Amino acid sequence: MAKAPCGPGPAVYRGRVRAVPTWAVATVALIAFPRPQVGGSPAHGVVATVAVLALALWPAGTALRLPRRVPRTVAASPAGRPPWAFRRPVALAVTAVLLALFGWSVAEVTGGSRTGLAERVAALAVTLWPLAAVLSARRAHRHWTARPSEPPRPDGPPVGPGHLGAGA
């Protein structure tokens, strides 16, 4: 009997494959186009915008490509649900928040007085979301792989954290 693949499946990876390399190349390009000490730089602004938008749109790209319910033979989840960070409502809400923070930083750059604060908050948010997504997937993977392969017997020992389960 073939074992089901571990992970949310190839649909999630297609959404990530487009956004993450774009973000990575744009982030490296920021080195080539640094922000000048005085004034602005159109090249720096364009590259920074591409980098932030790529990471801000990444959650929606992964959620919209992943079906709402995944067949049990494909999904890592026994229930057929992806990790919480990749669920459609969560990912779309995160995308909306990240885009709102990006909009705030654009508004501050074009005529506000708190440009540095807005840029740092938006940068922190788009940087922390991939970490939260990875931790979500890792936690789900540990939870799903820690389950016993056989259902517990009614007369067997309890199954749960710290218990080995039936037949152990």
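The structure under discussion appears in the preceding block.
The structure presented is a predicted model; accordingly, all values stated were derived computationally and were not measured.

**A closer look at a nonpolar patch on the surface**
Together, L124, L128, L131 and L135 make up an exposed nonpolar region whose accessible area comes to about 370 Å². Its place among the elements puts L128 in helix α4 (residues 115–145). According to the relative accessible area criterion, L128 is partly exposed, its value standing at 43%.

**Focus on the nonpolar core**
In terms of nonpolar packing, the biggest core is built from twelve residues, these being V52, L55, A56, W58, A85, F86, V94, L98, F102, V126, W129 and A133. Put simply, the parts of the chain that give this core at least two residues each are α2 (42–65), α3 (88–111) and α4. Tallying contributions element by element places α2 first for this core, with four residues.

**A few points about the side chain of T95**
Relative to the assigned elements, T95 resides in helix α3. The class of T95 is buried, set by a relative accessible area of 5%. Of note is the side chain of T95, whose polar atom sits 3.0 Å from the backbone nitrogen of A60. A polar contact of 2.9 Å, which involves the side chain of T95, links it to the backbone oxygen of A91. For T95, the residues in contact, after removing those within four places along its chain, are A56, L57, P59 and A60.

Reading the values: rules and limits
- Residues numbered from 1 in each chain as written.
- Predicted model: local features only at pLDDT ≥ 70, side-chain atom pairs only at ≥ 80, totals over all residues.
- Heavy atoms only, no water.
- Patch = residues over 30% accessible without salt bridge, like charges linked within 9 Å, V, L, I, M, F, W, Y side chains within 5 Å.
- Areas by Shrake-Rupley, 256 points an atom, 1.4 Å probe, with all protein chains shown as cover.
- Salt bridge = Lys/Arg side-chain N within 4 Å of Asp/Glu carboxyl O.
- Helix = DSSP H or I, 4+ residues; strand = E, 2+ residues; numbered from the N terminus.
- Buried < 20%, exposed > 50% of the residue type's maximum accessible area, 1.4 Å probe, protein only.
- Core = buried A, V, L, I, M, F, W, Y, C linked by side-chain atoms within 4.5 Å.
- Polar contact = N/O pair within 3.5 Å; in protein donor to acceptor, adjacent residues only side chain to side chain.
- Contact = heavy atoms within 4.5 Å.

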